[in-house]
There are 2 protein chains.
Amino acid sequence: RIGVLFSGGPAPGGHNAVAGALDCLARLRAARGGAGGPRRKSRKRWTPITPSLMSKHVNMGGFDLLGSGRMKLSSEAHFAAAAATVTDLALDGLLVIGGDDSCTNAAYLAEAFAENDVECAVVGVPKTIDDDMRGGGVEACFGFDSASKVFSEIIGNVCSDARSARKYWHFVRVMGRSASHLTLECALQCQPNLSFIGEEIEANGRSLSDVADEIADVVAARAASGLHHGVVLLPEGLLSFCPETSALMRELEDLMSEVGSPPRPPEHSTESEAIVWAERRRAAPDQLENSDVRARLSRASREAAAQIPDAILSQLLLARDSHGNPSLSAIETESLVAELVRAKLAARHPAALARFESRTHFCGYEGRAGLPTDFDATYAYALGYAAATLAVGGARGVVAAVTNPWDDPKRWDLWGVPLARLMAPERRFGCDRLVIRKRVVDVDGDAFRAFARRRERWKLSDCYVVPGPAQLSG
Amino acid sequence: RIGVLFSGGPAPGGHNAVAGALDCLARLRAARGGAGGPRRKSRKRWTPITPSLMSKHVNMGGFDLLGSGRMKLSSEAHFAAAAATVTDLALDGLLVIGGDDSCTNAAYLAEAFAENDVECAVVGVPKTIDDDMRGGGVEACFGFDSASKVFSEIIGNVCSDARSARKYWHFVRVMGRSASHLTLECALQCQPNLSFIGEEIEANGRSLSDVADEIADVVAARAASGLHHGVVLLPEGLLSFCPETSALMRELEDLMSEVGSPPRPPEHSTESEAIVWAERRRAAPDQLENSDVRARLSRASREAAAQIPDAILSQLLLARDSHGNPSLSAIETESLVAELVRAKLAARHPAALARFESRTHFCGYEGRAGLPTDFDATYAYALGYAAATLAVGGARGVVAAVTNPWDDPKRWDLWGVPLARLMAPERRFGCDRLVIRKRVVDVDGDAFRAFARRRERWKLSDCYVVPGPAQLSG
């Protein structure tokens, strides 16, 4: 009897991972799924997953078969509740389909089960459209391939529109909190005029102002040759890669904990908790006006904040997820950059300003829950199958893996990797804690170097590629 | 020798229309294309379209083979310049691939040519993703099918994400300036919780506040049954359909002409004209502060403006295209509605407010220039073929048409419809003028009634459909 849960944002292929696990367990005829996130389990909501229920979801996007939770397991009480649930349900194993935060939870849960003699396997399945959980044998996360194809379709179409209408500069923010893999992949697929990779910006210590300068110079150079359009890709995490805005965000975080700004309530908090929180959140800006915030910053951060409009400064203050990460998806970085470019043009290239008209886009939610591509459908199924096999074998704190996933699926081998091999200490909420390392873009890697070799050519002439909609088989 | 030009925003299939015309003319071996919009012609830029050039563009989206212009032909000088160009190039005919505004231009151009004994056929090809140019034998515009499939893929994915993550209300604005056909089609394809059709709102005289009330009530009803997510579709033209915001926009227009706010410069104005305009535009908000605008409005419009934040009021003042239409694509109606719903919840359903978190989307540019679907590829090709046949026959002021386009292409008949049959007087820039009637959504038609029958069921339970990416053959 194996429980399965989705954790974190959806990724295309999630249902196929469950289908793989179900098929693996079919001969035991005893698959059961726990509904909702970790907290839900403590309320004993669970659903048996029957083959006929599964057949309605396999190859479909989304996580709606089970829903998804997003909550850090941090206290002894959380672990005790989880242990009670698996004991009540008589689970022999638990599959956690999730990204680095969720698999970190899974590792701690496995440890807690071991310490308390709870006989329950815990196996992770590497899921994230960001593709930032890799290493130690995990070669890819399911979801990335599908999301990058949805985003590339949109970005390619925007490029095509740009060179047809010939009058807009499009600023496209691409989802990917801590790693710019999706931005890099879309850049290679669509060849827009400019793409910024967070890891390179961080490595070179480039400021947001430098980024805006570079864009403004390209806008001016293209305008001089009669081209008043262009496409710019920005990674969602841009502000956390630029050193001065990253420092600003850390200072804001400290400032907010000082004045006791409330963290977001967990997903499954009670209604009354949520109401109290919403009221405190509405009150927070009154306690701490933007002008007040600006005054209390260090000199460097005050300068960094000076370029940021009030509306976006408020987004920086208030947007935070339950893992303590800034909720970058709620910050309109693309509008901020477009405004900065306008200001730079006014200062440096007034002639180009007159014809500069910007449009903004965010490639995000529509990529998380779309239909899986052929690769993700097969890969997630294989990972789910591997995870169920490992769980039946009693594995604790491992993550399912496939050797050489880019090879023909007929030659794949399924195996498991200890989660500990992926972990390293990281600072969160002011203290160090072992978490799964994020695998960010390697600026010495093949993908980035292929991009770096080509990008100069893309700036002034249009080398756009329009991939069109993903074509699915079967 | 036939010239061809794209006019207005791109639509998938445009290149196929040119390919159809080229194949039709192949036996004459003399096809030529004029590059750019009407104004460009007067600068004598043109490109011969060879079969090898064409082969790189057929079945691709965008209008980049020729680029596109967007300018009203209004003065005698414009018509004289166009006549000089077709005489210089010795054109026997001109194909205008465009929507209602462009085909209106084509009709006036044909008249001007006839009055001045210019021997040049003028034939329109009905193009617009909005699908609002129909009637008199024109059964469909190419581009609508492709755009609605790109938007439905995105909206379906957003629905899937909503029911997976279970915590966001998504507000999606769908392109379509004067008609809500695209919103209606996406509503029928994806079955989101709420969709608003501009024509129904106008027919019933519903205010923006009524719309926000209805959404807030559904948010509260769903929250009461534990559902804290949802998807709402809004037509791009919403503000021009609600009577009080529509009246407000008309008053703002009058106010702006009073204080001499500059209209946008035409696409191909000179650099110095554009710089002068940009400076006047930057100065306009100083001449006329939002507070000043608010004070000078009628009482009814002042009330309507009271609910609109300053940033969006500025968008209403400044966003206007060269045809005199408000540039609705630059107005963030989806953010405005999300904020109004938040305010309504605070007033009417405070318990539901705590868990209300909104995300906004705009389905627009990515649908205009994507790859054509099989239907649009074939249909646009047939229209182009028909248009070239008509032009060779010397037709003036007609638009290409296909009988029963929903039937098997083998049974299609190609013909032409006089543009005059599509025209009616309309008020623009303060005077009446014959223009092509927009065919808006018929609230007594089959499509709307199918939607109206089903929509109640979609509100409280999730009946989402996720169409996935368009699948192309060939």
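This text follows the structure it describes.
Below is a short write-up of the structure. (Residues numbered from 1 in each chain as written. Chains lettered and ligands numbered in written order. Predicted model: local features only at pLDDT ≥ 70, side-chain atom pairs only at ≥ 80, totals over all residues. Heavy atoms only, no water.)

Concerning the overall build of chain A
So, point 1. The helix and strand inventory of chain A stands at 20 helices and 14 strands.
So, point 2. Taking all 474 residues of chain A together, 61% fall into the buried category.
So, point 3. Long-range contacts, defined here as pairs at least 24 residues apart, represent 77% of the contacts in chain A between residues at least 6 apart. (Helix = DSSP H or I, 4+ residues; strand = E, 2+ residues; numbered from the N terminus. Buried < 20%, exposed > 50% of the residue type's maximum accessible area, 1.4 Å probe, protein only. Contact = heavy atoms within 4.5 Å.)

Concerning unusual backbone geometry
So, point 1. Positive phi is not limited to glycine here, since asparagine 59 of chain A has a value of about 70°.
So, point 2. Position of asparagine 59 of chain A relative to the elements: it lies in the loop between helix H3 (51-55) and strand E4 (68-69).
So, point 3. Overall, asparagine 59 of chain A belongs to the partly exposed group, its relative accessible area being 42%.
So, point 4. Here the phi dihedral of alanine 90 of chain B falls at roughly 55°; this positive angle occurs in a residue that is not glycine.

Description of the nonpolar core
So, point 1. Ranked by size, the top nonpolar core spans 136 residues in total, and within it Phe142, Phe151 and Ile155 of chain A together with Phe142, Phe151 and Ile155 of chain B carry the most contacts.
So, point 2. Setting aside its immediate chain neighbours within four residues, phenylalanine 151 of chain A contacts Val174, Met175, Leu182, Cys186, Cys363, Gly364 and Gly367 of chain A. (Core = buried A, V, L, I, M, F, W, Y, C linked by side-chain atoms within 4.5 Å.)

A short note on the sheet that holds strand E10 (residues 358-363) of chain A
Residue and element names in this part refer to chain A.
So, point 1. Read across the open sheet, the 4 strands follow the order E8-E9-E7-E10; overall the sheet is parallel. Edge positions in the open sheet fall to strand E8 (194-195) and E10, since each of these has one partner strand only.
So, point 2. As judged from the 6 bridges shared by strand E7 (residues 169-174) and strand E9 (residues 230-235), these two strands associate in the parallel manner. Each residue of the ladder has a partner; that of phenylalanine 171, found in E9, is valine 232.
So, point 3. Seen against the sheet, helix H7 (residues 181-190) touches E7, E8 and E9 and runs at an angle of roughly 155° to E9.
So, point 4. Strands E7, E9 and E10 of the sheet are contacted by helix H16 (residues 333-348), whose axis makes an angle of about 155° with E10. (Pairing = 2+ DSSP bridges. Axes fitted to C-alpha atoms, helices over the stretch in contact; angles between N-to-C directions.)

What to know about a positive patch on the surface
Residue and element names in this part refer to chain A.
So, point 1. On the surface, Arg449, Arg453, Arg454 and Arg457 cluster together to form a positively charged patch.
So, point 2. Mapping arginine 449 onto the fold places it in helix H20 (residues 446-460).
So, point 3. Exposure remark for arginine 449: the relative accessible area of 44% places this residue in the partly exposed category. (Patch = residues over 30% accessible without salt bridge, like charges linked within 9 Å, V, L, I, M, F, W, Y side chains within 5 Å. Areas by Shrake-Rupley, 256 points an atom, 1.4 Å probe, with all protein chains shown as cover. Salt bridge = Lys/Arg side-chain N within 4 Å of Asp/Glu carboxyl O. Lys, Arg positive; Asp, Glu negative; His and termini not counted. Charge placed at Lys NZ, Arg CZ, Asp CG, Glu CD.)

Observations regarding the pattern of salt bridges
Pairing between side chains becomes possible if they bear opposite charge and their charged atoms approach one another.
So, point 1. Applying the stated criterion to the full structure yields 44 salt bridges over all chains.
So, point 2. Here arginine 163 of chain B and aspartate 64 of chain A are joined by a salt bridge, their closest N and O atoms 3.3 Å apart. Pair noted here: arginine 163 of chain B is in helix H6 (residues 144-165) and aspartate 64 of chain A is in the loop between H3 and E4, and the two residues belong to different chains. Across the pair, exposure class does not vary: arginine 163 of chain B and aspartate 64 of chain A are buried alike.
So, point 3. Between glutamate 119 of chain A and arginine 396 of chain A there is a salt bridge, with its nearest N and O atoms 3.8 Å apart. Highlighted residues: glutamate 119 of chain A in the loop between helix H5 (100-115) and strand E6 (121-126) and arginine 396 of chain A in strand E11 (residues 396-402), separated in sequence by 277 residues.
So, point 4. Residue arginine 396 of chain A is classed as partly exposed on the basis of its relative accessible area, which comes to 32%.
So, point 5. Among the charged side chains, a salt-bridge network with shared partners connects Arg206, Glu214, Glu456 and Lys459 of chain A.

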